[in-house]
Each structure stands twice: as structure tokens, then as C-alpha cells.
Amino acid sequence: MRTVYIPDGTEEKQALERTTHLCIAAHQDDIEFMAYAPIAECFGAKDKLFCGVVVTDGAGSPRNGLYAKYTDEQMKAIRIEEQKKAAMLGEYGAQLLLGYSSKQVKDKSDTEIIIELKEIYKETKPKYVYLHNLADKHETHVATALKAIQALRQLNTDELPEKVYGCEVWRNLDWLNDDEKMYLDCSAHPNLSRALSSVFDSQIVGGKRYDLAAEGRRLANATFSESHACDTYSMLNYAMDLTPLIKGKSLDIADYVAGYIRRFENNVRENILKLLG
């Protein structure tokens, strides 16, 4: 059974209907690392509202220090509260926590999550959707994105979002060919970015400095995005375009993602052969 948190207290149906930017992530804190750009874009805006969805319950989190002896049930409760704090700080229109286990998310025969995600799409009708990228190395991230895509494929054409982004978390996307990168500008409100990352104390104290790592990646992306020009961004995330997978519902998902890898390989080969003469 899902938990719905609406920071400004708006009635649930109205709160969900006003969504313009929707992020569906596997774990508490993934949203803030993969989709800071739309969070910042919606922050303080009157005509844009961000909605976050966390699919899993957070039970398998690493724990140390203050949280070392916490049970799975205690960790689930802590992580829900941390995610609510992030939603309040980021002025999200709504935050949904679905509470599924990672095992269920990775169960390819499971359809319950797909059905619920389809319903969320219908309730929110987002213009933009942010998912984990399908080359991510975390299986639960990929499984979450696959279920989110399967749900999108069940919508009518007039219900589909304009764009679907596959974002960085457990694997960078700097390897994508430059003409295939989607640039997510994370430069705005750096104080908000740091505040959102630091909310997840259970993970930071637990031995994972996600806050520093996420900021470091954004800084690196911004600087290394262009070798022959001054920096255009101060903070940057990359994404891959997953929109064709919902516009062309018969496309093979694995082959679509492998196509990015093949084109990267071809680019590397061609560059080396050109310079060898």
C-alpha cells in the first residue's frame, strides 16, 4: 500500500494532477541524485510541479554508526522520513512511496508494480518522465526502469509524456556519444542541491558518501562535457533518451540500449583509425 506525502497539504487528487515532471526511482535518495535538474526547474515555479515516486521499501540499506543495529523495519521507517524531508525541502508537488521489496521489483513475472505505475501515470499525466538509465549497473534500478517503461507502453498515445529520460546513478553516462547525450542542467540553487543530498543521513553515516559523489559527478560532467570551449554549465547530469521506447512500442528494449554501446564502439574505432592514418 503506497504512502503519499504532499508537502503543501493540497488534496491528493489535485496534487497529483498538477504534476509536470515525474521521477520514478528505485530507492529513497535516488530521485535527488538522478533528477536534481527537474527538481531545481520546478522549485519556486508557479506553472511546474515535480512529483517523486520511490518504488522499493529501503529495507536492504547498508547501515553503520547510529543505524548499525537498526532492523529492516526500522530502516524502512527512517528512509521514508528522510524522503519526506527531501520532498519538503525541494517543494515537491507530491512524494509517493510504494513500498515494494527489491525482490518483487526484479521478479520479471510480477505485474502488480506495472499496474500501479500505469495508474500513477494516469493520475499525474506528466509532460516529462525521469527514470534510471537502462545501462545502470544496479539490477534494482534497471528492473524499476523496465517496469516503468512497460507501464508507459500500456498507455494510449494521447496519454504519453513528451520525453522520457534515463538518468545517471550507478553508472555514468559520459561514454555516450556527444550527439546522443541529453544534458540536464543542475547549476541552479546549489544550496538546495547540497541540502537534498545531506537529508539522507542513514546512508551517509552508513558509509556511503553519496552527497559528495553526486556533486563530484556533476562538477566533472560540467567541466569535461566540452574540450574546446569554456564551461557552459557549473553542474551537469547526463541522460539517455528513452522516449523512442514508448513512441515505438515494438522496439526491442535490450537492442535499443545496446545500440548506444555499438555506436560508442564505432566512434572510438573510427577516431583511432583516423589518427593512425
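Here is a short report on the structure shown in this document. What you see is a predicted model, and the numbers here were worked out from it, not measured in a lab.

## Concerning a nonpolar patch on the surface
Thinking step 1. Nonpolar side chains collect at one region of the surface, where F264, V268, I272, L273 and L276 lie side by side and expose about 480 Å² of accessible area between them.
Thinking step 2. With respect to the helices and strands, F264 occurs in helix α12 (residues 253–276).
Thinking step 3. Judged by relative accessible area, which is 31%, F264 ranks as partly exposed.

## Here we look at empty space enclosed by the protein
Thinking step 1. Here the structure, examined in full by the defined rule, presents 2 cavities of 30 Å³ or more.
Thinking step 2. Estimated volume of the largest cavity: approximately 50 Å³.
Thinking step 3. Residue lining of the largest cavity: C186, P190, S193, R194, E215, R218 and M235, and that is the complete set.
Thinking step 4. Residue assignment for the lining of the largest cavity shows that the elements contributing at least two residues are α8 (190–198) and α10 (210–224).
Thinking step 5. It is α8 that provides the largest number of residues to the lining of the largest cavity, a total of 3 residues.

## Quick look at the pairing of strand β2 (residues 21–25)
Regular strands place their side chains on alternate faces of the sheet.
Thinking step 1. Burial within β2 is extensive, with 5 of its 5 residues counted as buried.
Thinking step 2. As judged from the 5 bridges shared by β2 and strand β3 (residues 50–56), these two strands associate in the parallel manner. Paired with H21 across the two strands is F50, which belongs to β3.
Thinking step 3. With 3 bridges connecting them, β2 and strand β5 (residues 128–132) associate as parallel partners. If you follow C23 over to β5, its bridge partner there is Y130.

The rules behind the values
- Residues numbered from 1 in each chain as written.
- Predicted model: local features only at pLDDT ≥ 70, side-chain atom pairs only at ≥ 80, totals over all residues.
- Heavy atoms only, no water.
- Patch = residues over 30% accessible without salt bridge, like charges linked within 9 Å, V, L, I, M, F, W, Y side chains within 5 Å.
- Areas by Shrake-Rupley, 256 points an atom, 1.4 Å probe, with all protein chains shown as cover.
- Salt bridge = Lys/Arg side-chain N within 4 Å of Asp/Glu carboxyl O.
- Helix = DSSP H or I, 4+ residues; strand = E, 2+ residues; numbered from the N terminus.
- Buried < 20%, exposed > 50% of the residue type's maximum accessible area, 1.4 Å probe, protein only.
- 1 Å grid on protein atoms, 1.4 Å probe; cavity = no way out; pocket = protein on both sides within 12 Å on 5 of 7 lines; lining within 4 Å.
- Points joined across faces, edges and corners; volume = space filled by probe spheres on them.
- Pairing = 2+ DSSP bridges.

Any functional reading would require information beyond the geometric quantities listed.
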